[in-house]
2 protein chains.
Amino acid sequence: MTRIIIDAMGGDYAPKQQVLGSVAALNKDKDLYLILCGDETQIKAELAEAGSYDESRLEIVHTTEVITMEEVPTKAVKTKKDSSTVVAFRLLKEGKADGLVSSGSTGAVLTAGVLILGRIKGVSRPGLCPVIPNHRGTNTMICDCGANLECKPINLVHFALMASAYAETAGRQNPKVGLLNNGTEDHKGLPLHQEVNALLKKIDCINYAGNIEGRDIMYGDVDVVVCDGFTGNIATKSIEGCGKAVGAIMTREYKRNLWAKLRAAISMGIIKRIKGGLDYEACGGAAFLGLNKMVVKAHGNSRARGFAVCINQAAKAVRGQLVEKIKASVDANAELVSENLNKEE
Amino acid sequence: MTRIIIDAMGGDYAPKQQVLGSVAALNKDKDLYLILCGDETQIKAELAEAGSYDESRLEIVHTTEVITMEEVPTKAVKTKKDSSTVVAFRLLKEGKADGLVSSGSTGAVLTAGVLILGRIKGVSRPGLCPVIPNHRGTNTMICDCGANLECKPINLVHFALMASAYAETAGRQNPKVGLLNNGTEDHKGLPLHQEVNALLKKIDCINYAGNIEGRDIMYGDVDVVVCDGFTGNIATKSIEGCGKAVGAIMTREYKRNLWAKLRAAISMGIIKRIKGGLDYEACGGAAFLGLNKMVVKAHGNSRARGFAVCINQAAKAVRGQLVEKIKASVDANAELVSENLNKEE
């Protein structure tokens with residue numbers, strides 16, 4: 001049985017959508033056991049309306065506090081000891097489960113992950129790794145996307161090792177890894193990129209494809225994109241804005257007049273498929289790689305369907321022994337990395 | 001008469017598309033005078049097939065060399081003295097014209113711009129400022145997009161002043177300027193962004209809207225986005241890749257089967273309008289701001305239509321006295337900037 005802890009109180013539509021998503025995940029995956037942390041009364045009320053599910057595979061741990069989006073993460077994690085987020089991470093740390101899903105404050109999840117759950121030995125900077133759709137109809141992992149604004153070479157090397165292992169457990173065979181840069185040639189980028197590019201070429205256990213450009217995130221053929229957190233944040237949000245702009249332009253054009261509306265009605269199935277090809281929610285949440293257990297940060301505005309995908313994502317990584325694989329990969333390359341880097345932490 | 005110099009030999013489809021674009025621009029704008037630098041025989045052959053135009057407003061300056069995309073820019077600019085690019089910049093410097101358009105190697109244009117034409121006094125780092133479409137149906141300027149990978153605060157402040165003036169000459173009233181960051185709050189970003197954000201708030205002559213996020217480039221309401229060249233390169237190329245991915249998904253879905261193809265045929269006008277809303281070529285090229293004259297870098301794969309837009313773009317900036325406005329703006333804020341920056345160049 002794969003045991004996943006759910007932070008049921010974090011997110012714009014919590015706990016309703018988190019409870020509905022949990023029930024959907026339980027019904028789909030018979031080998032899943034869920035522990036929901038949150039207000040017991042509210043969770044039970046939502047469960048009562050959620051339809052049937054196997055009650056023997058769902059447990060509630062009552063908590064009395066909630067960390068909001070507005071709070072300073074470090075302060076909130078240290079003071080709100082009975083918040084759903086803190087309790088969820090504590091139970092995870094204690095071995096009550098193998099993975100965790102939260103759609104709460106990203107800052108709180110990152111902080112609780114490092115302070116309560118702890119990092120994998122040798123990994124000084126865990127990385128946030130969201131999954132975005134691409135033109136091939138698969139998806140691309142991009143690490144880091146905001147956990148570490150400024151990075152040293154060793155951090156980027158770890159992101160490459162960790163996200164490559166993650167892509168494998170998600171079903172990608174021999175995933176291609178690219179370093180996000182301002183051009184594909186070896187001399188491109190800042191000293192950081194030049195150093196990382198040279199080192200990644202020496203690492204045997206990943207399928208390194210060299211430098212890639214921004215356009216390759218959605219239109220290239222790599223499975224994993226490696227970058228510092230500032231760049232990753234800008235890139236993913238730029239893509240998000242482009243997707244939204246395209247949606248707005250489509251809506252405007254298809255509503256321009258009656259004739260356009262009629263054609264929109266005729267093409268509705270196709271329009272839905274196009275939008276489906278760009279569906280962030282269907283891709284799942286962001287894995288927080290480099291911690292001692294599998295943690296998935298779901299979107300703050302997750303609905304049941306997207307939240308269920310995140311639970312499945314966490315379960316799949318647990319079954320694929322992602323954390324063990326990351327440990328082995330970081331260990332196996334520790335010597336090579338330390339020998340080749342000038343500026344270690 | 002507004003005089004613009006054309007580097008007729010740079011670009012994937014040179015000189016044909018550059019000549020056709022020049023003729024189109026001449027026919028549209030009766031107050032335009034063009035000087036085409038390039039191989040006279042080739043240019044005349046293309047002109048012979050380009051249809052009628054006012055020959056008294058077009059001049060050819062014969063050159064014998066071409067700088068290719070593969071060459072190292074600094075070396076090429078220094079050694080190929082009779083290349084179309086170098087001659088074009090030399091004539092511009094000598095006062096033969098007020099602006100220049102080239103679809104040649106970006107590196108060569110940046111190098112020739114700085115080495116031959118020269119920078120505006122006080123501006124140590126000119127910035128490359130492309131124009132991208134947005135959801136409002138207007139477009140957004142983003143500076144810098146790759147001329148300066150690493151920047152100091154003063155560089156970003158200059159980008160803001162210069163691109164704001166540019167947006168005004170392009171017809172935007174009181175353009176809104178945003179600083180690209182990983183969040184909107186004042187504490188977000190690296191020390192670079194925090195320092196620039198604080199300083200831009202003190203500058204009266206621009207309409208500063210504060211920090212913006214990647215999604216605001218295409219889906220927000222700012223006219224000008226300020227960032228370092230590495231970040232700008234990643235953001236614009238990420239958006240480009242997203243646009244291409246959407247196009248690929250649309251094509252795939254509309255060709256899925258006969259019924260889809262039929263619906264595509266019915267909706268063709270709308271599909272074209274949607275693609276038109278995302279049309280990079282119609283937006284024009286990238287202005288290279290901070291030089292002593294107006295320079296537009298057209299896309300390397302420019303066709304006649306896009307190249308003509310770039311000529312119009314250059315002429316408009318010349319008529320709006322962009323260079324004089326940038327000089328005045330940089331001068332007027334020099335004291336404020338030097339008083340408030342810790343780390344000056």
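Draft legend 1. Here's a closer look at the environment of Asp31(B). All names here are of chain B. The topology assignment puts aspartate 31 in the loop between helix 1 (16-28) and strand 2 (32-38). Aspartate 31 sits in the partly exposed class, given a relative accessible area of 37%. Residues aspartate 31 and cysteine 310, 279 residues apart in the sequence, show an inter-C-alpha distance of 16 Å. With residues up to four places along the chain from it excluded, the contact list for aspartate 31 reads Met1, Thr2, Arg57 and Arg319.

Draft legend 2. Up close: the pairing of strand 4 (residues 99-102) of chain B. All names here are of chain B. The two faces of strand 4 match: Gly99 and Val101 on one face and Leu100 and Ser102 on the other face are all buried. Inspection of the sheet shows strand 4 paired to strand 12 (residues 294-297) by 4 bridges, in the parallel sense. Within the sheet, the bridge partner assigned to glycine 99 lies in strand 12 and is methionine 294.

Draft legend 3. Spotlight on the side chain of Ser22(A). All names here are of chain A. Here serine 22 lies in helix 1 (residues 16-28). Judged by its relative accessible area of 0%, serine 22 is buried. Contacts of serine 22, omitting those with residues within four sequence positions, involve Ile6, Leu34, Leu36, Phe307 and Ile311.

Draft legend 4. Region of interest: a nonpolar patch on the surface. Taken together, the side chains of Trp259(A), Leu262(A), Ile266(A), Trp259(B) and Leu262(B) present a nonpolar region at the surface, about 530 Å² in accessible area. Counting only elements with at least two residues in the nonpolar patch, the list comes to helix 10 (258-266) of chain A together with helix 10 (258-266) of chain B. By the element assignment, Trp259(A) lies in helix 10.

Draft legend 5. Focus on the relation of the copies chain B and chain A. Superposition of chain B onto chain A requires a rotation of 180 degrees combined with a translation of 0.0 Å along the rotation axis, giving an RMSD of 0.0 Å. Expressed as a symmetry operation, the mapping of one chain copy onto the other fits a two-fold axis.

Draft legend 6. Structural detail: the sheet that holds strand 6 (residues 131-133) of chain B. Residues and elements named next belong to chain B. The 5 strands lie next to each other as 6-7-10-8-9, forming an open sheet whose pairing is mixed. Pairing within the sheet leaves two strands with one partner each, and these edge strands are strand 6 and strand 9 (207-212). Strand-to-strand twist in this sheet, taken as the mean axis angle between neighbours without regard to direction, amounts to 30 degrees. Across 4 bridges, strand 8 (residues 176-180) lies against strand 9 in parallel orientation. Paired with leucine 179 across the strands is asparagine 211, a residue of strand 9.

Draft legend 7. View of the packing of helix 6 (residues 153-169) of chain A against helix 14 (residues 322-340) of chain A. All names here are of chain A. Viewed as axis vectors pointing N to C, helix 6 and helix 14 meet at an angle of 145 degrees, and their least axial separation amounts to 9 Å. As for the relative orientation of helix 6 and helix 14, their crossing is right-handed in sense. When helix 6 is examined against helix 14, the residues Ile154, Val157, His158, Leu161, Met162, Ala165, Tyr166 and Thr169 are found in contact with a partner set consisting of Leu322, Lys325, Ile326, Ser329, Val330, Asn333 and Val337. Partitioning the contact of helix 6 with helix 14 into residue classes produces 10 nonpolar, 4 polar and 1 charged.

Draft legend 8. Seen up close, the nonpolar core. The biggest cluster of nonpolar side chains holds 65 residues, and the ones touching the most others in it are Ile4(A), Val101(A), Tyr166(A), Leu289(A) and Met294(A). For this core, the element with the most residues is helix 6 of chain A, which contributes 11 residues. Sequence-distant contacts of Leu289(A), defined by excluding residues within four places in its chain, comprise Pro126(A), Gly127(A), Cys129(A), Cys143(A), Met162(A), Ala163(A), Tyr166(A), Leu322(A) and Ile326(A). Counting residues in hydrophobic clusters, the runner-up holds 64 residues, among them Ile120(B), Ala165(B), Val296(B) and Cys310(B).

Draft legend 9. The arrangement of helix 1 of chain B in detail. Residue and element names in this part refer to chain B. Between the first and last C-alpha of helix 1 there are 19 Å, a value that for 13 residues agrees with the 18 Å anticipated at 1.5 Å per step. Restricting attention to buried positions, one finds in helix 1 the residues Gln17, Gln18, Val19, Gly21, Ser22, Val23, Ala25 and Leu26. Buried residues along helix 1 sit in contact with strand 1 (2-7), strand 2, helix 2 (40-48), strand 3 (58-62) and helix 13 (304-319).

Draft legend 10. How the structure looks around the environment of Lys75(A). Residues and elements named next belong to chain A. Tracing the chain through its elements places lysine 75 in helix 3 (residues 73-79). Residue classification places lysine 75 among the exposed residues on the basis of a relative accessible area of 59%. In sequence terms lysine 75 and alanine 260 are 185 residues apart; their C-alpha atoms lie 53 Å from each other.

Draft legend 11. Representation of the sheet that holds strand 2 of chain B. All names here are of chain B. On the basis of which strands lie adjacent, the open sheet formed by 7 strands has the order 3-2-1-4-12-11-5 and mixed pairing. Both outer strands of the open sheet, strand 3 and strand 5 (127-129), are each paired with one neighbouring strand and no more. Within the sheet, the average angular offset between the axes of one strand and its neighbour, ignoring direction, is 25 degrees. Direction of pairing for strand 1 relative to strand 2: parallel, over a ladder of 6 bridges. Bridging across to strand 2, threonine 2 finds its partner in leucine 32. Packing against the sheet, helix 4 (residues 84-93) makes contact with strand 1, strand 2, strand 3, strand 4 and strand 12, and its axis sits at approximately 140 degrees to strand 2.

Draft legend 12. Structural detail: the packing of aromatic side chains. The full count for this structure, using the stated rule, is 0 aromatic pairs over all chains. A cation over an aromatic ring shows up here: Arg303(A) above the ring of Tyr13(A), its NZ or CZ 3.8 Å from the ring centre.

Draft legend 13. Region of the structure containing the pairing of strand 12 of chain B. Residue and element names in this part refer to chain B. Here strand 12 shows a buried face lined by Met294 and Val296 and a second buried face lined by Val295 and Lys297. Relative to strand 12, strand 11 (residues 286-289) runs antiparallel, the two being bridged by 2 bridges. Its bridge partner lying in strand 12, alanine 286 is registered against lysine 297. Adjacent in sequence and paired antiparallel, strand 11 and strand 12 are bridged by 4 residues, among which glycine 290 carries a positive phi angle near 115 degrees.

Draft legend 14. Just the interface of chain B and chain A, in detail. Tallying the contact residues gives 50 residues for chain B and 50 residues for chain A. Around 4,700 Å² of area is buried between chain B and chain A when both sides are counted, 70% of it from carbon and sulfur atoms. Considering only the surface of chain B that becomes buried against chain A, Arg215(B), Phe230(B) and Ile270(B) emerge as the three largest contributors, covering 13% of it. Linking chain B to chain A there are 4 salt bridges. Here Lys237(A) and Glu213(B) are joined by a salt bridge, their closest N and O atoms 2.3 Å apart. Connecting chain B to chain A are 8 residue pairs in polar contact (both at pLDDT 80 or more). Counting residues per element, the ones that place at least two in the side of chain B that touches chain A are helix 8 (216-219), helix 9 (229-254), helix 10 and helix 11 (268-277) of chain B.

Draft legend 15. Molecular detail of the pattern of salt bridges. As enumerated under the stated definition, the model contains 29 salt bridges over all chains in all. One salt bridge in this structure joins Glu71(A) and Lys80(A), with 2.9 Å as the shortest N-O distance. Ionic pairing is found between Lys176(B) and Asp221(B), a salt bridge with its closest N-O pair at 2.9 Å. Of this pair, Lys176(B) sits in strand 8 while Asp221(B) sits in the loop between helix 8 and strand 10 (224-226), and the two are 45 residues apart along the sequence.

Rules used in this analysis
- Residues numbered from 1 in each chain as written.
- Chains lettered and ligands numbered in written order.
- Predicted model: local features only at pLDDT ≥ 70, side-chain atom pairs only at ≥ 80, totals over all residues.
- Heavy atoms only, no water.
- Helix = DSSP H or I, 4+ residues; strand = E, 2+ residues; numbered from the N terminus.
- Buried < 20%, exposed > 50% of the residue type's maximum accessible area, 1.4 Å probe, protein only.
- Contact = heavy atoms within 4.5 Å.
- Pairing = 2+ DSSP bridges.
- Patch = residues over 30% accessible without salt bridge, like charges linked within 9 Å, V, L, I, M, F, W, Y side chains within 5 Å.
- Areas by Shrake-Rupley, 256 points an atom, 1.4 Å probe, with all protein chains shown as cover.
- Salt bridge = Lys/Arg side-chain N within 4 Å of Asp/Glu carboxyl O.
- Least-squares fit on C-alpha atoms with pLDDT ≥ 70 in both.
- Axes fitted to C-alpha atoms, helices over the stretch in contact; angles between N-to-C directions.
- Left-handed = near helix turned anticlockwise from the far one by under 90°.
- Nonpolar A, V, L, I, M, F, W, Y, C, P; charged D, E, K, R; others polar.
- Core = buried A, V, L, I, M, F, W, Y, C linked by side-chain atoms within 4.5 Å.
- Expected span 1.5 Å × (residues − 1).
- Phe/Tyr/Trp six-rings, centres within 6.5 Å; stacked < 30°, edge-to-face > 60°.
- Lys NZ or Arg CZ within 6 Å of the ring centre and 35° of its normal.
- Buried area = accessible area lost by both parts, 1.4 Å probe.
- Polar contact = N/O pair within 3.5 Å; in protein donor to acceptor, adjacent residues only side chain to side chain.

By themselves, these observations are geometric and do not establish any function.
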